[in-house]
Amino acid sequence: MAMLLEDILKSVELWLKLIKKPQPYVDPNLDPVLLVPGIAGSVLNAVDEESGAEERVWVRILGADYTFRTKLWSRFDPSTGKTESMDPNTRIVVPEGRCGLEAIDALDPDMVIGQECVYYFHDMIVELTKWGFQEGTTLFGFGYDFRQSNRLQETLDRLAAKLEAVYNASGGKKITIITHSMGGLLVKCFMCLHSDVFEKYVNKWIAIAAPFQGAPGYITSTFLNGMSFVDGWEQNFFISKWSMHQLLIECPSVYELMACLDFQWEHPPLLEMWRGRPDGDEKSQILLESYPLVESVQIFTEALANNTVNYNGEDIPLPFNMEILKWANETRNIISRAKLPPQVKFYNIYGMNLETPHSVCYGNEETPVTDLQQLRYFQPKYVCVDGDGTVPVESAKADGLDAVARVGVPGEHRGILCEHHLFRILKHWLKADHDPYYNPVNDYVILPTAFEMERHKEKGREVTSVKEEWEIISECQDADAKPVVSSISVSDARAEARATLTVHPRNEGKQHVELNARSVSVDA
């Protein structure tokens, strides 16, 4: 019986191998796409310089915090502009598997439960593949060490080489770059410093949720309190907020995400705190103090003056780094000077409809701040504006470029990469839907359903009648129960025209529109 069962299993295995898997759909007419992530959106591996052993340090579950602190904690070198790991035997690299997609797909491929929280471009890669894009031919990824400055020459050189490789692999077709978040700053910086390379290889650039003018509230609280990669119960599996805080204080990329000083904000971002100060009678006077962008730097400096980490038994100071701030200010100046080459089309998609930190307040009248170095232990309270939860709409829309279109999509900063609404827009701009009736700016489709035209003569007059019907499909719903009817009448001495337009109420996202027009002119 055992032998018989074994023979059956072998036969089934052989039969399964003989079954041809369906070939994925490939559209040979598509232009290549390069996906560029934002901060914390690339897998990072640590290579031991002595043994050559390589292990993933971002993101992972088992031993995550210890490995993060020993391999990824860094110091900034102002002479090179590069952040180097504290461990002299560690070199950080980005995996290049699957033509760069491995580094930006699922950030922890080993995670089974709660897998969605480590997905980055995963859903978009799946969608692009369905539309006919093919890995290695028309679909590529560019991961990078997100600790570094967006103008680090090493990163820019890698991006230049990547653009050339994608161009050649696709048979000489120009590239569409799709960036998310800080990836937009990286590409804009590259476009300014290497405009000739950008113009040679790039056809379109689609920026998604880019903090073109910074993410003021989010970055202010990051400097003082750190940040969590994910929210909810999943954050227990990842790096602690404190460990992340100590890394980010030495990351030029974070300083480059601060609110731009020369941008004309509708309401300037502020750092506020309820502060207790002794008066002449040794009584505490509690005041609400507000610090604009420039003055808030002094608060960061005082709050982090004694910040240290213990690395290999040594206390290493990690204050707010003024050298990095100088470097970041120059990076923002470069980005602000970037010009779009005339042959390149630019599109901007920004997230909206979520409360987004803009200004930050610490303490209250009952519990004021008496020691600035205790700010790290206060819970920040935000004054919010419209945005994606991280980047305000005001910042994301202010790209400073000649955009073909700017479209707002309701969604969360990282979650927007999984939104069906976003996919629908991308599919049209990438020319993968072949639907000439779709309008991404207003997100609707107009489908002609009927068209009739009649011409004849009546008593020496020429008469033309037109009847048209359309169906407008969108996600909007209309509660109106009655159709809207509009009439138009135009006449002069020799001719007259009348038209009636009927707009029926929406039903399940569809709206029917009818046009009846009649024109009468004297036969000359």
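Residues numbered from 1 in each chain as written. Predicted model: local features only at pLDDT ≥ 70, side-chain atom pairs only at ≥ 80, totals over all residues. Heavy atoms only, no water.

Student: Account for the overall build of the protein, with residues named and values stated.
Tutor: Of the regular secondary structure elements, the protein holds 13 helices and 23 strands. The buried share among the 524 residues of the protein stands at 49%. Once local pairs closer than 6 in sequence are excluded, the contacts in the protein between residues at least 24 apart make up 71%. (Helix = DSSP H or I, 4+ residues; strand = E, 2+ residues; numbered from the N terminus. Buried < 20%, exposed > 50% of the residue type's maximum accessible area, 1.4 Å probe, protein only. Contact = heavy atoms within 4.5 Å.)

Student: Provide a residue-level description of the nonpolar core, including the pertinent values.
Tutor: Formed by 127 residues in total, the largest nonpolar core has its most connected members in Leu 35, Trp 58, Met 124, Trp 205, Ile 208 and Leu 426. Mapped onto the domain boundaries, this core takes at least three residues apiece from domain 1 (33-220 + 326-442) and domain 2 (221-325). In this view, Leu 426 contacts Met 124, Trp 131, Ile 178, Ile 206, Ile 208 and Ile 349; residues no more than four positions away in its chain are not counted. Counting six residues, the second-largest nonpolar core is a separate cluster that includes Cys 260, Phe 263, Leu 293 and Ala 398. (Core = buried A, V, L, I, M, F, W, Y, C linked by side-chain atoms within 4.5 Å. Domains from an automatic or database assignment.)

Student: Outline the packing of helix 4 (residues 153-169) against helix 5 (residues 183-193), supporting the account with residue identities and numerical values.
Tutor: In contact at an axis separation of 11 Å, helix 4 and helix 5 are set at 85° when each is read in the N-to-C sense. Judged by the inter-axis angle, helix 4 sits roughly perpendicular to helix 5. Of helix 5, the residues touching helix 4 (which contributes Thr 155, Leu 156, Leu 159, Ala 160 and Leu 163) are Leu 186, Phe 190 and Leu 193. A per-class count over the contact of helix 4 with helix 5 returns seven nonpolar, one polar and no charged. (Axes fitted to C-alpha atoms, helices over the stretch in contact; angles between N-to-C directions. Parallel < 35°, antiparallel > 145°, perpendicular 65-115°, else oblique. Nonpolar A, V, L, I, M, F, W, Y, C, P; charged D, E, K, R; others polar.)

Student: For the sheet that holds strand 16 (residues 381-387), give the residues involved together with the corresponding values.
Tutor: Strand order in this open sheet of four strands is 11-10-15-16, and the pairing throughout is mixed. Looking at the sheet topology across the chains shown, the edges are occupied by strand 11 (284-291) and strand 16. If you compare each strand with its neighbour and ignore which way they point, the axes differ by 25° on average. In the sheet, strand 10 (residues 271-278) pairs with strand 11 via eight bridges, with the strands oriented antiparallel. Its bridge partner lying in strand 11, Pro 278 is registered against Ser 284. Against the sheet, helix 7 (residues 216-225) engages strand 10, strand 15 (354-362) and strand 16, with an angle of about 45° to strand 15. (Pairing = 2+ DSSP bridges.)

Student: Pulling in residues and values, what's your account of the sheet that holds strand 2 (residues 44-48)?
Tutor: Spatially, the three strands line up as an open sheet ordered 3-2-6, and their pairing is antiparallel. The open sheet is flanked by strand 3 (54-58) and strand 6 (90-93), the only strands paired with a single partner. Here the strands of the sheet are splayed against their neighbours by 35° on average, with no regard to which way each runs.

All quantities given are derived from atomic positions and should not be read as evidence of function.
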